[in-house]
Each structure stands twice: as C-alpha cells, then as structure tokens.
Amino acid sequence: MALQLSTITFNHDPASPSTSALNIRKNKDFEVPIPEYDSSIPRTPPQSCAAYAKHETSGQTVVIRAHFQIPAAVNITYEVKASGGGMLGHLDAVQVVFSGGIADQVVDIPLPHRNFQKIQRADITWHWRYRKKGASKWHPLATTAHRIYVILAVPPAPWTQVFADKHNPWTDLLDWSCVIASGSEDAPTAAEKTTKDIHLNHALRYDIEQGANRYGFRVTGESFDLTNWIDYVLRGNAPISPVFCGGTAEQYRDFWIVNCYDCAASNALMSKVVGAGLDYYFHDPFGYLNYVLPIGRGKCNNPFYGCLGTNPAVGPDDPRTYFGNHAYPKLNGGTNFDACMRVWVPAWLSLLLFLIWLIVFIVTLGFVNLKNLLNASGGWLIDIAQTDYETKTIDVDQPFEAAAAGGVPALQTLDFRVV
Amino acid sequence: MPVKQFLERLGYDELLKQERPLLGENYIFDATKIAAAKEFKAVHENVFLEESSIALVRQAHLQHGSKAHSSLHVTLTLCWNGFQDALAALARFAGSFERGVSAESVVSTVRTYEIGDFGVAWAWSGKGDPDVLALVRNNVLLGIRSHDAAEVTVSLAKEVDRALRNRRTTDAYSDTSHNLFVELKKREGGTLKVPSAGKLSLGTLPEGESKFFFLASSGSVNREADKPQSWYYRAGTDKGPQVIRLYWVDAGILPKRDGLIVEVY
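Just so it is clear, the structure is predicted and the values come from calculations on it, not from any experiment.

Cut-offs used in this document
- Residues numbered from 1 in each chain as written.
- Chains lettered and ligands numbered in written order.
- Predicted model: local features only at pLDDT ≥ 70, side-chain atom pairs only at ≥ 80, totals over all residues.
- Heavy atoms only, no water.
- Helix = DSSP H or I, 4+ residues; strand = E, 2+ residues; numbered from the N terminus.
- Buried < 20%, exposed > 50% of the residue type's maximum accessible area, 1.4 Å probe, protein only.
- Areas by Shrake-Rupley, 256 points an atom, 1.4 Å probe, with all protein chains shown as cover.
- Lys, Arg positive; Asp, Glu negative; His and termini not counted.
- Charge placed at Lys NZ, Arg CZ, Asp CG, Glu CD.
- Axes fitted to C-alpha atoms, helices over the stretch in contact; angles between N-to-C directions.
- Parallel < 35°, antiparallel > 145°, perpendicular 65-115°, else oblique.
- Left-handed = near helix turned anticlockwise from the far one by under 90°.
- Contact = heavy atoms within 4.5 Å.
- Buried area = accessible area lost by both parts, 1.4 Å probe.
- Salt bridge = Lys/Arg side-chain N within 4 Å of Asp/Glu carboxyl O.
- Polar contact = N/O pair within 3.5 Å; in protein donor to acceptor, adjacent residues only side chain to side chain.
- Disulfide = S-S within 2.5 Å.

1. What to know about the overall build of chain B
Across its full length, chain B carries six helices and 16 strands. Taking the principal axes of the C-alpha coordinates as reference, chain B spans close to 65 × 45 × 35 Å. Expressed as a percentage of its 265 residues, the buried residues of chain B come to 59%. Surface accessibility of chain B: about 11,200 Å² in total, with carbon and sulfur atoms responsible for 46%. Between the averaged position of the 33 positive side-chain charges in chain B and that of its 33 negative side-chain charges there is a distance of 2 Å.

2. Some thoughts on the packing of helix α2 (residues 171–180) of chain A against helix α4 (residues 226–234) of chain A
All names here are of chain A. Relative to each other, α2 and α4 sit at 45°, their axes nearing to 10 Å. Taken together, α2 and α4 sit at an angle that is classed as oblique. Considering only the axes of α2 and α4, their crossing is left-handed. The segment α2 lies against α4, with D172, L173 and W176 engaging L226, I230 and L234.

3. A word on the interface of chain B and chain A
A common way to report how large an interface is uses the accessible area buried once the components associate. Counting residues at the interface gives 47 residues for chain B and 49 residues for chain A. Ranking the residues of chain B by area buried against chain A places B:H69, B:E98 and B:R99 at the top, with a combined share of 21%. Applying the counting criterion to the chain B and chain A interface returns three salt bridges. Among the ionic pairs, A:E31 bridges to B:R234, the shortest N-O distance being 3.0 Å. Counting across the chain B and chain A interface gives 24 residue pairs in polar contact (both at pLDDT 80 or more). Residue assignment for the side of chain B that touches chain A shows that the elements contributing at least two residues are β2 (40–50), β3 (55–64), α3 (83–94), β8 (140–147), β12 (211–216), β13 (220–223) and β14 (230–234) of chain B.

4. Concerning the state of the cysteines
Residue and element names in this part refer to chain A. Summed over the entire model, instances satisfying the criterion amount to two disulfides over all chains. The partner cysteine of C245 in its disulfide is C307, sulfur to sulfur 1.8 Å. Between C245 and C307, the S-S dihedral sits near -70°, and the bridge is therefore left-handed. Residue C245 is located in the loop between β11 (243–244) and β12 (252–253), and its partner C307 is located in the loop between β16 (292–294) and β17 (326–331); the two are separated by 62 residues in the primary sequence. The two residues C245 and C307 agree in class, both being buried. A disulfide bridge connects C260 with C340, and the sulfur atoms are separated by 2.1 Å. Across the disulfide from C260 to C340, rotation about the S-S bond amounts to roughly -70°, and the bridge is consequently left-handed. With C260 in helix α5 (residues 260–272) and C340 in the loop between β18 (336–337) and β19 (341–343), this residue pair connects regions lying 80 residues apart in the sequence.

This is how it looks when you write it as structure tokens:
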C-alpha cells in the first residue's frame, strides 16, 4: 500500500514565529499559499516558500506539518524521513500511524538539523523516503522543493506579523534583501550591506535640480511606494520615459533619480525586512555640505548644480546651494547608516586608511578587522555616531553656513503603500 | 528654512481653523485640453490611494514636445475627508524637497496670483516664475514641479484652479453601489460570514481604465494567483463585523466608494 505526501505546511501557527514559519506574502496583491506545498498543485520553489526568524526560533523546537494519505483506511505504521534540505537540514525518521479507520494523518516533523545562524535565501530540496515499520528497505516518497528565507528577527514595524495583513513581509522584497544581506549574523552587518548596496548597485543618481523624492515618503503620514521601488530600482525596470534633464549630458531615467528620503526609506524597509531595526529620521534644517559624494555623483558641496551646471564642487566657503533638510536611518536609535551620500576622502588619505586596515588585518592573521577604518577609507557614513556624522557632512565654518544648520534628527513613522 | 515656518508666515495656521466644501463633480486632468500645457504631452501617469488619511492621488509627468529639457510633474490629490487633509497634503508637498529655499523666495499663490484657497510658490533662484507651486482648492491639492518650464507653472495652475473652482461642491460624500458588492450580496444572501483566517471570494473586476482600491478593517483583499482579475477577502484573526471598503476611479480625481460588512467568526 503506497503512502502519499499530500501537503507540507511551514507556517502552521500564524501566532508563533518561534516554532513555525513567519506570516509572509508575495506583495501588496498576492498572498503566499498555505499549505506551501500541495502535491495536487504544481509550484515552483519561489511559490512554495517560507521564512524563519533566527532570534525567535533560537533554542525552540521548530516543526513543519506534513499531511500523509493512504488509499484505504487500514491499521499500518510507516516511517518517513527526508534527505537534503539545505539550511533546514535533513529530516530524521518519524512515525506515521494510521489506525482506527483513518486514511489521513498529520504529523509535525521537527527541524533539529536546521542552520538559521545567518541571513540567507536558498532553494532547498527534500528527497522524501518511507518504509513500513519493521521493514528494512526505504522507498522513494516524493521530492519537494522550496524557497526558504532566514532573517535575523521578526521584522519590526511597519512590517507586522498580524495574520493576513498586507504589511506581512513581502517575498518580492525578501528575494532581494536576503541576498543583499546574505551571510550577516547581526543587525549592523545587515544594515551595512544594505546601505552599500543601495548606494552602489542600482545605478541611482541624486536629484541635482530640486532634491525631490520619487518614491513618496518624507515624514510621518506618508507612504513609500515599495511596489515601484522593487520593480523600477531593484529589478531595474524603470520606464524609459519620463526622463530627467532631457536633452542634456545629465539625461537619465527619472525613476532612477532619487533623493535622500528615497534612500533612507528604502534602506530602512529593506533592513527591517531582514530583522535589522533601521529607523527613518528626518533632520530639518540640515545645512551646507562639506565635500561629499551624493549617490551616483562625484565630489560635491553644491548639491543642486542643475542639469547644465558644471560646478558641483565650489570653494569650501563659497555661496552655494544646500540641504534644507535631510533624512537618514539610525540603527535602533543609535548610529547612522546613510545610503544617500559618502564623505569625499582625498585619494592619499583613502589609501593610507586602507593600508592601516590591511596591515592590522595581516599582522593579526585576520583576527582584527577594523571595519570602521575600511569604511572611513571609502567615505562611508555607516555605523557612525551623530556628532561624528554631522562633523563630517555639515559645514558651519561661515556665519551663513551656521545659520542654515541647527536641526536635530527626528524619528518618523515609516510606512509603505499596500493598496 | 523649514517649511513650517514659511507656511506660518503665509497664514497657514489661520486656515487650519476653517472649512471648505468638497469637490462634488469629477475633474479630469487632460493636458491636451489645457491651453498652458499645449506644448506638453503626458508621458507617464500614476494613480494611487493614500490610506492614512484617505486621498486619491493622480500624478502626471508632462514632457515638452520639442524642448527635451522642459518637463512638468503635476500632482492632484483629492482628500476624501476634506479641506484640513488637503492643507496637510500641501504642507507635505511643499516639504518634499531636500533643496533649501530662502524664506523671501516663497510667495502666496492667493496674494500673488489670486489662485487657490491657500497656496505657495517659489523659484529656486529666488526670482522669476516659480519652479514649484502648490495650492489647495476646497479638498483638492494641486502640486506642480517644473524643470525649465517655470513660465508655464502659473498659467497651468490658474487653469486647473479655475476648473476646480467652477465645479459643483458638496458637503459630504455618500457611498455608491458597486456591482461587485451588489452581486456578492445577491449570491451569498443575508449576512456575509467567513471563519477567522477563511477566504471569501468577492468576484471579478475588469482591468482597464478604472482603478480599484480595497481597504479592510482587518484581514486583507487579495488577487487570486491564477486569476489576477479575481479578488477575495482573507479574514484576519479579529472576530466580529469587519468593513471592506472599495474605492474606484476612472480618468478623474473623484473616486466613488462602496462598503461591505463581513462577519468574521
């Protein structure tokens, strides 16, 4: 009598991120199906997906729920196991007992061999086998494939674990964020990787005309256009039209032009979705800039030099355009992670900082990795204290410069569009 | 200068104590029918519903036909709950720039151009036609960002404001029946019930010019994976009566709304 594996449910307890997979959805329009695996419905691994939180599952008995069937009700006991499984690990043999005229049985199978130490996304495969209890030979039962996301902790607000809420983490974003922050075992590392990725890897350029946002969030009460951010920026599908600075050397797809609200909001949402508590702060007024590298731009202390402008960097105390305000995220209210700009560092200083880092790294055989030196070499404003951040970015040397500064960062309630 | 300060200087706080009627007749922003924008054509459009204070937002990117660098970004926001929300939307629009603007550059659209119930405008250079203009007429915000098209900003705003001003107003919006809910009630009969975490099929909505937006007090309204035009309600874990709201809009800015009550048990 053949045993059948009917379904596998990873998210079997929507109220528990400790013993069950998390509540997730694909995007604002589509849910992730539950049970995630159903033998009667062909699905690709991305469609049969689940997410787990490292922190909440640590030390817990995490189980999946499998539903087995036999063609007719008889009293019989099988043993079932699975090899493979990637970070979920192989499944030790469990008993599936059919008795009392039942042809269906549901069994919770623990995941004792899982490895949820770091952020990752992987398509895993289980090769299921079964045998009648007491028999020696195992028979193939099924091969199932799933996309599994491992994140650091339950994503903080605006993400939620309220069942059936559209703010459940989106797999359309996890597909990117888990890869970007892949390998991170803590929040600062995940936030650092996300910050650098936004700044470097999506062909984004700062709005040198008005510093206007394209994706909708600035302060509390507004919502970030996450759907278009994923499509236009992460997937690279920004429409060819409209264009920014049309007919000039600066011509570019308008939806690849951003300002710091876009960078800060996306950074916070993308970090939060992998469990790193990066919050959005609005700093108003901000002031005149020291020499920085706005996202996708060169050395600059005159950020709004315009489509036809040739003077992004003027004398350090010259009259120039300035940041009326600015936005950047902080990790749990502490240090700053700015994806919108880097500090401009002279080549000699950059090289010196790098060499010091390298020497220390080599002398200590890799035991001491002074990441702050390496980040300083690249001008990164990452994991940096507020006073240090302001010293590096805001120019207050002259009275007119000092008069334009003076604001403090204020925490904003970040949200994103779900309707 | 923080936005709050120049808004205060122009009398924003006084307006917060006042009320205005609601736009009672739809307005369709069609660049081809606006004399000031006759040289421009719409190259991109975006329509969405803001959830926190219900507002239908329609954004249009207009590109000049022959001057590649000239473009206009027009935002029309209809605030369902009235004038106060429109004023708040104006403050947000005016503040949506990282570029610093000097206080002297910001003028009142009411005093300078005689448009809007309240409005602000400025040129980044501090002189000449405004690059940015935002005004509120009743419960509608008009926001314009121009790139090398400042000479058009005010005339465009005047035409839109005139059209808004001349439209019928109303004191309150009422619900309009939508076939989706009518059919559903007919099909299910009596009180609609669904178990906690259960699924209730709502029906199919056509893809086309109409845009549909669902809000649910608990749970969510989703598309079927294999039939994206079909929608269903997924109940949450909150039991009791839950409200599903459907907003829909065609070419204009005035949405219609219908509601449905579902008993989650």
